[in-house]
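Results of the structural survey
Letter by letter, the chains look like this.
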Amino acid sequence: MHKAIASFALIAILTALLMALSFMVARQGYPFGMTGMKRLDGIASADSFIPLAAVYFFAAMLMMILPLKAASLVLLNAADTLYWTVIALFATIVGTLAARWAFGQSSAPWALLNWRFLFVAAIVGCHLAMNELRRNVLLRSLFFAIFAAATLACLFWSFRA
């Protein structure tokens, strides 16, 4: 957990610094500043967590039914990678919004109240609880069904509010 928090903080700070640099260059009148801001804003979308959640929940569903060696392969090569991707993407979004707030856009932090960021909490929570879920047969069976439902919801349900 400490590694995840440290990675999140470092990525958020680096992104905020890059966004601040882009703001300063744009304020000087150079068009490159806007290009940098557009690139950082391009990945700062809450909608990108829905397909990541679908793939993560599918991997988690597989980990519930596969034998230990196969489940560890899925954990290390799919679920763990998706977990770190979600942390890096969310940290990038937080860093971008922090820089926007620091440069006078007082409404920027309100973008974090988007309900789609609950997918970040769901992925991180599932990843942290994965060891406990694997130990108990009843929990494995129950969460197999939950992960299957979550995968299908992320894939096929329209989350437009």
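Everything discussed here concerns the structure shown above.
Below is a short write-up of the structure.

The rules we used
- Residues numbered from 1 in each chain as written.
- Predicted model: local features only at pLDDT ≥ 70, side-chain atom pairs only at ≥ 80, totals over all residues.
- Heavy atoms only, no water.
- Helix = DSSP H or I, 4+ residues; strand = E, 2+ residues; numbered from the N terminus.
- Buried < 20%, exposed > 50% of the residue type's maximum accessible area, 1.4 Å probe, protein only.
- Contact = heavy atoms within 4.5 Å.
- Areas by Shrake-Rupley, 256 points an atom, 1.4 Å probe, with all protein chains shown as cover.
- Lys, Arg positive; Asp, Glu negative; His and termini not counted.
- Charge placed at Lys NZ, Arg CZ, Asp CG, Glu CD.
- Polar contact = N/O pair within 3.5 Å; in protein donor to acceptor, adjacent residues only side chain to side chain.
- Salt bridge = Lys/Arg side-chain N within 4 Å of Asp/Glu carboxyl O.
- Phe/Tyr/Trp six-rings, centres within 6.5 Å; stacked < 30°, edge-to-face > 60°.
- Axes fitted to C-alpha atoms, helices over the stretch in contact; angles between N-to-C directions.
- Parallel < 35°, antiparallel > 145°, perpendicular 65-115°, else oblique.
- Left-handed = near helix turned anticlockwise from the far one by under 90°.
- Nonpolar A, V, L, I, M, F, W, Y, C, P; charged D, E, K, R; others polar.
- Core = buried A, V, L, I, M, F, W, Y, C linked by side-chain atoms within 4.5 Å.

The subject of this paragraph is the overall build of the protein. Within the protein one finds 6 helices and 0 strands. Taken from N to C terminus, the helices and strands of the protein fall in the order α-α-α-α-α-α. The 161 residues of the protein split such that 37% are buried. Excluding contacts between residues fewer than 6 apart, the proportion of contacts in the protein whose partners are at least 24 apart in sequence is 75%. When the accessible area of the protein is evaluated, it comes to approximately 9500 Å², of which 72% is carbon and sulfur surface. Both charge centroids of the protein, one from 11 positive and one from 4 negative side chains, sit 3 Å from each other.

Next up on the list: the environment of Ser-48. Mapping Ser-48 onto the fold places it in the loop between α2 (31-42) and α3 (49-65). With a relative accessible area of 26%, Ser-48 lands in the partly exposed category. C-alpha of Ser-48 to C-alpha of Phe-119: the two residues are 71 residues apart in sequence and 9.8 Å apart in space. Not counting residues up to four positions away in its chain, the partners in contact with Ser-48 are Ile-43 and Leu-89. A distance of 2.6 Å separates the side chain of Ser-48 from the backbone oxygen of Ser-45, its partner in a polar contact.

We now examine the pattern of salt bridges. Tallying each qualifying case throughout the model produces 3 salt bridges. With a shortest N-O distance of 2.2 Å, Arg-100 and Asp-41 are connected by a salt bridge. Taken together, the residues span a long stretch of sequence, with Arg-100 in helix α4 (residues 68-102) and Asp-41 in helix α2 at a distance of 59 residues. With a relative accessible area of 29%, Asp-41 lands in the partly exposed category.

As enumerated under the stated definition, the model contains 10 aromatic pairs in all. Note on Tyr-56 and Phe-57: the rings are 6.1 Å apart at their centroids and 75° apart in plane angle, and the pair reads as edge-to-face. For the pair shown, Tyr-56 and Phe-57 are each scored as buried. With a centroid separation of 5.7 Å and an interplanar angle of 50°, the aromatic rings of Phe-143 and Phe-147 are classed as tilted.

Now for the packing of α4 against helix α5 (residues 118-135). One way to put it is that α4 packs onto α5 with a least axis distance of 10 Å and a crossing angle of 155°. With respect to α5, the axis of α4 lies roughly antiparallel. Along this stretch, α4 crosses α5, giving a crossing that reads as left-handed. Residue-level contacts link Leu-68, Ala-71, Leu-75, Ala-79, Asp-80, Tyr-83, Val-86, Ile-87 and Phe-90 of α4 to Val-120, Ile-123, Val-124, His-127, Leu-128 and Arg-134 of α5. Grouping the amino acids of the contact of α4 with α5 by side-chain chemistry returns 12 nonpolar, 1 polar and 2 charged.

Turning next to the nonpolar core. Core analysis: the largest hydrophobic core is formed by 39 residues, its most contacted members being Phe-49, Tyr-56, Phe-57, Met-130 and Phe-147. When residues of this core are traced back to their parent elements, those giving at least two are α3, α4, α5 and α6 (137-156). Considering each element in turn, this core owes the most residues, 12 residues, to α3. Ala-16, Phe-23, Met-37 and Leu-40 belong to the second-largest nonpolar core, a separate cluster that totals 6 residues.

This next bit is on the packing of helix α1 (residues 2-27) against α2. Relative to each other, α1 and α2 sit at 150°, their axes nearing to 7 Å. The angle between α1 and α2 places the two elements in the roughly antiparallel class. Classified by chirality, the crossing of α2 by α1 is left-handed. On α2, the residues touching Thr-15, Leu-18, Met-19, Ser-22, Phe-23, Val-25 and Ala-26 of α1 are Phe-32, Gly-33, Met-34, Gly-36, Met-37, Leu-40 and Asp-41. Taken together, the residues that form the contact of α1 with α2 break down as 9 nonpolar, 4 polar and 1 charged.

Geometry only, nothing functional implied.
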